[in-house]
Structures are given as C-alpha cells and as structure tokens.
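Architecture and fold: a report
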Amino acid sequence: MAGHSKWANIQHRKGRQDKLRAKVFSKMSKEITVAAKMGDPDPDKNPRLRLAVKEAKSVSVPKDVIDRAIKKSQAGDGEDYEEIRYEGYGPNGVAVIVEAMTDNRNRTASVVRSTFTKNGGNLGETGSVGFMFDRKGEITYPASVGDADTVMMAAIEAGAEDVESSEDGHVIWCLDTDLNEVATALEAELGESDSTKLVWKPSITTEMDLESMEKLMKLIDALEDDDDVQRVTTNFDASDEVMEQLE
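Below is a short write-up of the structure. (Residues numbered from 1 in each chain as written. Predicted model: local features only at pLDDT ≥ 70, side-chain atom pairs only at ≥ 80, totals over all residues. Heavy atoms only, no water.)

**Section: the overall build of the protein chain**
Counting its regular elements, the protein chain contains ten helices and ten strands. Buried positions account for 46% of the 247 residues belonging to the protein chain. The long-range fraction of contacts in the protein chain, counting pairs at least 24 apart against all pairs at least 6 apart in sequence, stands at 73%. Accessible area for the protein chain stands at about 12,500 Å²; split by element, carbon and sulfur atoms hold 47% of it. (Helix = DSSP H or I, 4+ residues; strand = E, 2+ residues; numbered from the N terminus. Buried < 20%, exposed > 50% of the residue type's maximum accessible area, 1.4 Å probe, protein only. Contact = heavy atoms within 4.5 Å. Areas by Shrake-Rupley, 256 points an atom, 1.4 Å probe, with all protein chains shown as cover.)

**Brief notes about the pairing of strand E2 (residues 95-102)**
Burial analysis of E2 places eight of its eight residues in the buried class, the great majority of the element. By the alternation rule, side chains of E2 split into Ala 95, Ile 97, Glu 99 and Met 101 and Val 96, Val 98, Ala 100 and Thr 102, which are all buried. When strand E1 (residues 82-89) meets E2, the two strands line up antiparallel, connected through eight bridges. Directly across from Glu 87, in E2, lies its bridge partner Ile 97. As paired elements, E2 and strand E9 (residues 229-234) share five bridges and run antiparallel to each other. Residue Val 98 lies in a different strand from E9, and its bridge partner there is Val 232. (Pairing = 2+ DSSP bridges.)

**Here's the deal with the packing of aromatic side chains**
On inspection of all chains with the given rule, the structure shows zero aromatic pairs. Of note, Lys 201 hangs over the ring of Trp 173, and the distance from its end group to the ring centre comes to 4.2 Å. (Phe/Tyr/Trp six-rings, centres within 6.5 Å; stacked < 30°, edge-to-face > 60°. Lys NZ or Arg CZ within 6 Å of the ring centre and 35° of its normal.)

**Regarding the layout of surface pockets**
In this structure, the second largest pocket occupies an estimated 230 Å³ of space. Every residue lining the second largest pocket is counted, 13 residues in all, and those nearest its centre are Pro 43, Arg 50, Val 53, Lys 54 and Lys 57. Of all elements in the fold, only helix H4 (47-58) and helix H5 (63-74) reach the threshold of two or more residues within the lining of the second largest pocket. Its residues assigned to classes, the lining of the second largest pocket shows four nonpolar, no polar and nine charged. (1 Å grid on protein atoms, 1.4 Å probe; cavity = no way out; pocket = protein on both sides within 12 Å on 5 of 7 lines; lining within 4 Å. Points joined across faces, edges and corners; volume = space filled by probe spheres on them. Nonpolar A, V, L, I, M, F, W, Y, C, P; charged D, E, K, R; others polar.)

**Some thoughts on the nonpolar core**
In terms of nonpolar packing, the biggest core is built from 23 residues, with Val 96, Phe 116, Met 213, Leu 216, Leu 223 and Phe 236 touching the most fellow members. Taken together, the elements giving at least two residues each to this core come down to E1, E2, helix H6 (105-118), helix H9 (210-224), E9 and helix H10 (240-246). Per element, the largest residue contribution to this core is six residues, and it comes from H9. In this structure, Val 96 is in contact with Tyr 86, Glu 87, Gly 88, Tyr 89, Gly 90, Phe 116, Val 129, Leu 219, Leu 223, Val 232, Thr 233 and Thr 234, ignoring residues within four places of it in sequence. (Core = buried A, V, L, I, M, F, W, Y, C linked by side-chain atoms within 4.5 Å.)

**Observations concerning the pattern of salt bridges**
Here the structure, examined in full by the defined rule, presents 20 salt bridges. One salt bridge connects Lys 30 with Asp 228, and the closest N-O pair in it is separated by 3.9 Å. Remark: Asp 228 occurs in the loop between H9 and E9 and Lys 30 occurs in helix H3 (residues 21-38); sequence separation between them is 198 residues. The exposure classification of Lys 30 matches that of Asp 228, with both residues buried. Taking the shortest distance from any N to any O, the salt bridge between Asp 67 and Lys 63 comes out at 2.9 Å. Linking Asp 67 with Lys 63, this pair stays in helix H5, spanning four residues, or about one helical turn. Using a relative accessible area of 29% as the deciding quantity, one classes Asp 67 as partly exposed. The network of salt bridges with common partners includes Lys 30, Asp 103, Arg 107 and Asp 228. (Salt bridge = Lys/Arg side-chain N within 4 Å of Asp/Glu carboxyl O.)

This is the structure we're talking about:
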C-alpha cells in the first residue's frame, strides 16, 4: 500500500487539502446527504451515514455544515445523486479508479473521459482495472495511541485482518462488510480513530518514475477538480527519491 500512503503524504505536504477546502467540504456534504437520504438521518442508526460524518470530521468539516447536509436529505426536494465508478489507465499504465456521485450521468462520463484523454490516460470499461484492487475497510490511528503490539492485539480482538504500524501511525485493515463493526470495537479499546472509511486497496502496483508521477499528479488533480468526483484511487508505487523530487 506504499502508493496509497505516499499519495496521502503528497497531499498533506503540498497543502492540497487547504487549497481545496471548500471543494472537500462540498464533496463530504454530498456524501452525508446521500447517506442520510438512503437510510435513517440518525448516524447511530445508519452505518453509512456514521462513517460519512466521521470522515467529514477527520478533515475538519464544521458541525453546522454536517447538520445542514443531513437536514437537506429530509427536505424532499434535493437532487437525486447516482453513484458511478469509472476505471481506466493513467501514465505508464497505472490503474485509476474514479468514484463519482452525479445527478447527470452523461455529463460526468463526458468530463471524466475527456480528463483522462487530456492527461495521457485512457478511460476503460468497468472492471478493466478493478481486479488490481481489493475493497477494504481502512481505520487509521495516530502513533500515540499505543505501540504496534497493543494496536495489533486490539485489532485482532475487533475482528480486523491486518495492521501496518510505523512512526507515522497505525493503519488497520478489515473486510469492507465488517468496517462498522470493527471500527466500533476499536473505538471502545483505543478511542476515536483519525479516519474510518472504505477504500480500494491495490493488490498489484505499478512502478513509476519521476516523469510518470508528475503526469499522474496532473491527472489526479484534474479529476479531483470535478465537483462530481468524490474520490480517486491509483495503484502507483514510487521510490522515496522520486517522491522527494515531487515536493
């Protein structure tokens, strides 16, 4: 999972979250509204909404924005969003999964296809790269919550599959269907997590050089700039030297 965590680090170091603050809030609000509309507006009774609210809080979305998004789901006149997943290839054949939420499927498909083409990529059919990823639950905790053994024991008790511990913190993996249950059990043992979400975890990675990584970042930036795109995941892997040159 080197690619995934390194990309998170790029975002952090480059301050992308700050620059995209309003856009991030908007995308989180959309996810909350859809989750609340599909189930109960009470996060305690709606696992998907609970995870959406938790993820929104992890990127500092204000409480009033979260409450407004939940209320919007109950208004009855909100947009009907459809969830769509696009799959394709980026520079150097790297696999790219784009998760979108749209009220106009044709518009979103056209923009995503055009963005791939303009940035050295190629939009494929559904399933064209999905086999290179596993759908998993990902729960992260800061290093300060405990040492590797402590977190590993808590994760095993909670029903998790694997733990990756480093000086940056702990990443706990579980089956996608077990995420809510595992996260709740871990919370009782370790307290509030930094992040709890469903992700596409690469099972096969593509090695990238500096030039390919620069092109890939332009593709990801362009995709994430689209209001309909909720999340972009790739299976890149790159050396520390390449990552340092990107800074």
